[in-house]
Amino acid sequence: MLTRRFARRPGVAGLLGAGGLGLAVAPAPAQITYIFSNQGTNVATPALATGASTLSGMPAPSGSQWSECPAEPGRGASALAGVTVSADQDGVHRVADDFIVSNPGGWIVERLAVYAYLTSTAPGAPFSAATVRILRGGPPGAPGSSVVWGDTTTNRLQSQTATNVYRVFNSVTLPLGPMPDLSRRVWRVELNIPLLSLAPGTYWVDWQLVTTDPGARALSPTVTVAGVRSGEHFNARQFTPVNGVAAWAPIVDGGKPSSSADLPVDLPFILMGRVPAPGCAGDGDGNGVVTFSDIESALRQWNTASSTGPLAGDANHDGVVDFADIVAILANWGSICQAP
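Bear in mind the structure is a predicted one, so any value in this text is a computation, not a measurement.

**Quick look at the sheet that holds strand E13 (residues 201–211)**
Taken in spatial order, the 6 strands of this open sheet run E10-E9-E13-E7-E15-E16, and their pairing is antiparallel. Taken across any chain shown, the strands that pair with only one partner, and hence form the sheet edges, are strand E10 (146–151) and strand E16 (245–250). Across the sheet, the mean angle separating the axes of adjacent strands is 25 degrees when strand polarity is ignored. For strand E7 (residues 94–101) and E13, the ladder comprises 7 bridges, and the chain directions are antiparallel. Each bridged residue has a counterpart across the sheet, and for Ala-96 the counterpart in E13 is Asp-206.

**Thoughts on a nonpolar patch on the surface**
Taken together, Leu-299, Trp-302, Phe-323 and Val-327 make up a surface patch of nonpolar side chains, about 410 Å² in accessible area. Positionally, Phe-323 belongs in helix H3 (residues 323–331). Overall, the relative accessible area of 57% leaves Phe-323 in the exposed class.

**Description of the pattern of salt bridges**
Tallying each qualifying case throughout the model produces 8 salt bridges. Residue Glu-190 is joined to Arg-111 by a salt bridge in which the shortest nitrogen-to-oxygen separation is 3.5 Å. Taken together, the positions of Glu-190 in strand E12 (residues 185–198) and Arg-111 in strand E8 (residues 107–118) put the pair 79 residues apart, joining distant regions of the chain. Judged by its relative accessible area of 11%, Glu-190 falls in the buried class. Here Asp-206 makes a salt bridge to Arg-133, at a shortest N to O gap of 2.6 Å. With Asp-206 in strand E13 and Arg-133 in strand E9 (residues 127–136), this pair connects stretches of sequence that are 73 residues apart. Of the two residues, Asp-206 and Arg-133, both sit in the buried class. Among the charged side chains, a network of salt bridges with common partners joins Arg-94, Arg-133 and Asp-206.

**Structural notes on unusual backbone geometry**
Phi is mostly negative for residues that are not glycine, and the peptide bonds are mostly trans. Cis rather than trans, the peptide bond between Leu-174 and Pro-175 has omega equal to -5 degrees. Position of Pro-175 relative to the elements: it lies in the loop between strand E11 (157–168) and E12. Each neighbour pair has its own omega, and for Lys-256 with Pro-257 the value is 0 degrees, a cis peptide bond. In this structure, Gln-39 is a non-glycine residue whose phi angle is positive, near 65 degrees. Among the structural elements, Gln-39 can be located in the loop between strand E4 (33–37) and strand E5 (65–68). Residue classification places Gln-39 among the partly exposed positions, given a relative accessible area of 32%. At Leu-195, a position not held by glycine, the phi torsion is positive, near 50 degrees. With respect to the helices and strands, the residue Leu-195 is situated in strand E12.

**Examining the pairing of E13**
Moving residue by residue along a regular strand, the side chains alternate between the two faces of the sheet. The element E13 is extensively covered by neighbouring structure, given that 9 of its 11 residues are classed as buried. Where E9 meets E13, 9 bridges bridge the pair, whose relative direction is antiparallel. In the strand pairing of E13, Arg-133 is matched with Asp-206.

**Things to note about the environment of Leu-271**
Secondary-structure assignment places Leu-271 in strand E19 (residues 269–274). By relative accessible area, Leu-271 is classed as buried at 0%. Expressed as a C-alpha distance, the spacing of Leu-271 and Val-114, which sit 157 residues apart in the sequence, is 9.0 Å.

The rules we used
Residues numbered from 1 in each chain as written. Predicted model: local features only at pLDDT ≥ 70, side-chain atom pairs only at ≥ 80, totals over all residues. Heavy atoms only, no water. Pairing = 2+ DSSP bridges. Helix = DSSP H or I, 4+ residues; strand = E, 2+ residues; numbered from the N terminus. Axes fitted to C-alpha atoms, helices over the stretch in contact; angles between N-to-C directions. Patch = residues over 30% accessible without salt bridge, like charges linked within 9 Å, V, L, I, M, F, W, Y side chains within 5 Å. Areas by Shrake-Rupley, 256 points an atom, 1.4 Å probe, with all protein chains shown as cover. Salt bridge = Lys/Arg side-chain N within 4 Å of Asp/Glu carboxyl O. Buried < 20%, exposed > 50% of the residue type's maximum accessible area, 1.4 Å probe, protein only.

What is shown is where atoms sit, not what they do.
If you want it as structure tokens, here you go:
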């Protein structure tokens, strides 16, 4: 059970320094950290790499790993290496997958890492933009699902880095695909999500990448766990044109050989941010104590309306960041929440 103890509240002189507001008295904000990896074995690692050798015994380059479509006893092998997550000649494509905020105090999400490889091997940074939405109430396109933050137009691209992982088809199950090679290098793409406060519950993240080369396609590899084609909660979706009509639909791997079952897949992604302690009203930056840095959080999001979704600076949870939130923060000044 979490307990709250109240530190002595400083007077006005404690908040003001000779040059104005006393920034030096506030502790450093909580550091951004890894908080979730979809199907990953730990929160900092995507569910992608399968090892330094393929199932057929081909070694990866020194310091690199394969991401090989897995084979599962009795259920054949995965045939789907990746799904389109960019626009192409057929139209617009997006992908989505779900996650659960389990911490009683919610999460403060600041960054999303997704993974993709390209059909082009042109040099240079492969992506020029990325968009993202966070939804609640169901997957995108489903009745009752609503966007709590983000849109399909604002560029949220933060960084892009080539990993040491190469996507390859299953190398031992007939019919064999292309030989394992280095043409599908996986990139890690980070998207900026500024201080998004999420209460406990189930959410969906929906994203799209824009390629620098208009003729290239970006594909998200599917979640890859050695020896496992699918799982109980695998339920990723894709927005894609079908017969001239774009719609959301489950992503299904047909498998190989052709007698294999059609199975749902998941997509690898990682969320980064902060995990605040429950009960710290006004602790917008999630560092466990209500201080001047929380006022800074509110000021950075001043007059931000509820249409953009829940925000860390909205201390009184009325849907807009304004003077009332400063009052709420000051009312809890010095509050500290900690586990017993």
